[in-house]
There are 2 protein chains.
Amino acid sequence: MTGKIRIGIVGYGNLGKGAEKAVAQNPDFELVKIFIGRDPNQLEAMKEYVGKIDFMLLCIGSSVDLPIQGPRVAELFNTVDTFDTHAKVPEYFASMDEAARRSGKLAMIATGWDPGLFSVLRVLMGAALPEGKTNTFWGWGVSQGHGEAIKRVPGVQIARSYTVPVGSTLEKARGGDRQDFTTRQMHTRDCYVVLQDGADPEQVRQAIVSLPNYFAPYDTTVTFIDMDTFEREHNTLPHGGFVIRSGSTGEGSDQLMEFQVRLASNPEFTASVMLSYCRAASRLYGEGRRGAITAFDVPVGYLALSDMPELRKSIL
Amino acid sequence: MTGKIRIGIVGYGNLGKGAEKAVAQNPDFELVKIFIGRDPNQLEAMKEYVGKIDFMLLCIGSSVDLPIQGPRVAELFNTVDTFDTHAKVPEYFASMDEAARRSGKLAMIATGWDPGLFSVLRVLMGAALPEGKTNTFWGWGVSQGHGEAIKRVPGVQIARSYTVPVGSTLEKARGGDRQDFTTRQMHTRDCYVVLQDGADPEQVRQAIVSLPNYFAPYDTTVTFIDMDTFEREHNTLPHGGFVIRSGSTGEGSDQLMEFQVRLASNPEFTASVMLSYCRAASRLYGEGRRGAITAFDVPVGYLALSDMPELRKSIL
């Protein structure tokens, strides 16, 4: 008994590797075991760790893996994940809640920075200024999903897509403009593509910019580069974003709040936030909380290593 | 029975007036009664409202009034206040906790934006990036305490003091500089003073800039103006501030978070935040929570008018 929170990591891509590094930065956690990816025997391997792992960090994808694996793991362990398909949160919440209640476990879903920190900020801001408008901007940063979408275009060898907030719209939001901005007004997409031998650049460019959902609703720039340049200049996963709320109090006093992140490594930051929510989940579990919860259920002080008296004294 | 949270406001200065306006912006609150200031019979008057008011918003000063009046009101009602003497929080917490536990009430202390929102951000940021440094800057905005300190200088009729964050230090903090900045490096003070007839400007200036604690540790500018200019250009209470945390994850990935407020009316914003914490306190009270609490004890979703399923669906 070390008194530490014993961690298992499920999935060892960028996020899982980030989680491993985050555990090393937090003295109240101990890494017990990493379970690699989609191995169908994974769940059997996990069963041997019941009683030896307190929380499983589910570092697997939201589109395919989490909806299936999440509830299965929640039948055995407390879990924390970074489920980020906004539209499917209620459905995923319900399935994790059911699994965790059946097993008497806690399942903390949708942590990270968006959903997660940004969601918390949207609630704090909306509550602080009930009359107003919240805008979320993402970037500058790599959208891995968009890079993968480009890769499926015939003629493309590999690609990187950056999400870029439109500066003039950002300034409008900061200036208190409360109109509903369109998708095109808020972000542009900036793509770097390595072609396969013999592919026609103009044909590829057209195919990319007209991809429905991914690029058609945006002003998209496509730049063709060689593999050396790609590997040298597009080998990290930076990201960032802004939550801005402008509102009014009294007889029209303008009030503005803004939260911003600028991240050299999106997966490492996501994992670090995830771990702070794992700490909070561990405290809530200790108090008897069961089923699925989100960042909205967390008393803010539970995220910190320090206890409440120390926080009141040194941080309040 | 309206189902609304029934509010009493204690104190009717800038904050109390802000609270009155905030109640009008939030459909789940109902203003029952405003208790004016320091009237010694106030407490007797309040007793008639036991059972008719759910929460008292204590809109009175932290230095003299709250430490005395706070526990007395907490013997009768649930309370929310904006106690902001950082160094005395543990002592004040203890006295409110004792009073509220004795009466079976809830006392939410130290809400507003700092302490309050900024405190919450400091915890969120510190937990998300355990290796790093947090800096808080205040301004540009009016420091009422500093204006009052100047007014006590002989020869001064009236004065306004603005707190100004030093731009170059702000940029250093944003750039990841993790040194401990000095008081002088972080803020300057910009004062506008109306002299009494016959006062010597240079003598007054010297007396102001050398005032211990208030101005001596800062680079301070003093500008003398006439009463007309004062009333025309210094008649509002704007404020603002920044919480910035730079940190590292993994093998030195730079990560940055920043929260910023820019407020046309400090008291109206403070009151608006206070009211969101009153909503949360009301929910916690309904769950059986008693004694003193702070923003750190609040599950973020309790601040919102919407319930958890709605928040998960629309804001997560």
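One can find the structure itself at the top, above this paragraph.
Residues numbered from 1 in each chain as written. Chains lettered and ligands numbered in written order. Predicted model: local features only at pLDDT ≥ 70, side-chain atom pairs only at ≥ 80, totals over all residues. Heavy atoms only, no water.

**Describing the sheet that holds strand S12 (residues 253–263) of chain B**
Each strand in a sheet pairs with its neighbour through backbone hydrogen bonds, running either in the same direction (parallel) or in the opposite one (antiparallel).
Here's step 1: Strands sit in the order S6(A)-S11(A)-S12(A)-S12(B)-S11(B)-S6(B) across an open sheet of 6 strands; the sheet is antiparallel. The sheet is open, and its two edges are formed by strand S6 (132–138) of chain A together with strand S6 (132–138) of chain B, each paired on a single side. Between one strand and the next, the sheet's axes are offset by a mean angle of 5°, whatever the strand orientation.
Here's step 2: Relative to strand S11 (residues 239–249) of chain B, S6 of chain B runs antiparallel, the two being bridged by 7 bridges. Bridge pairing in S11 of chain B places Lys133 of chain B opposite Ser246 of chain B. (Pairing = 2+ DSSP bridges. Helix = DSSP H or I, 4+ residues; strand = E, 2+ residues; numbered from the N terminus. Axes fitted to C-alpha atoms, helices over the stretch in contact; angles between N-to-C directions.)

**Here we look at the relation of the copies chain B and chain A**
Here's step 1: The transformation that overlays chain B on chain A combines an axial shift of 0.0 Å with a rotation of 180°, and the residual RMSD is 0.0 Å. These values place the two chain copies in the arrangement generated by a two-fold rotation axis.
Here's step 2: The fraction of interface residues of chain B whose copies in chain A are also interface residues reaches 100%, indicating that both copies meet through the same surface. (Least-squares fit on C-alpha atoms with pLDDT ≥ 70 in both. Contact = heavy atoms within 4.5 Å.)

**Considerations on the packing of helix H3 (residues 65–74) of chain A against helix H4 (residues 89–103) of chain A**
Residues and elements named next belong to chain A.
Here's step 1: It is the contact of H3 with H4, at a shortest axis distance of 8 Å, that shows an interaxial angle of 20°. The angle between H3 and H4 places the two elements in the roughly parallel class. In this structure, H3 meets H4 at a crossing whose hand is right-handed. Side by side, H3 and H4 meet where Leu66, Pro67, Gly70, Pro71 and Ala74 of the first sit next to Tyr92, Ser95, Met96, Ala99, Ala100 and Ser103 of the second. (Parallel < 35°, antiparallel > 145°, perpendicular 65-115°, else oblique. Left-handed = near helix turned anticlockwise from the far one by under 90°.)

**Focus: the sheet that holds strand S10 (residues 219–224) of chain B**
Residues and elements named next belong to chain B.
Here's step 1: Judged by pairing direction, the sheet is mixed, and its 4 strands sit side by side in the order S7-S8-S9-S10 without closing on themselves. Edge positions in the sheet fall to strand S7 (141–142) and S10, since each of these pairs with one other strand and no more.
Here's step 2: Taken together, the 9 bridges between strand S8 (residues 156–165) and strand S9 (residues 187–195) define a ladder with antiparallel strand orientation. Each bridged residue has a counterpart across the sheet, and for Tyr162 the counterpart in S9 is Asp190.
Here's step 3: Sheet contacts for helix H6 (residues 144–151): S7, S8 and S9; angle to S8, the most-contacted strand, approximately 145°.

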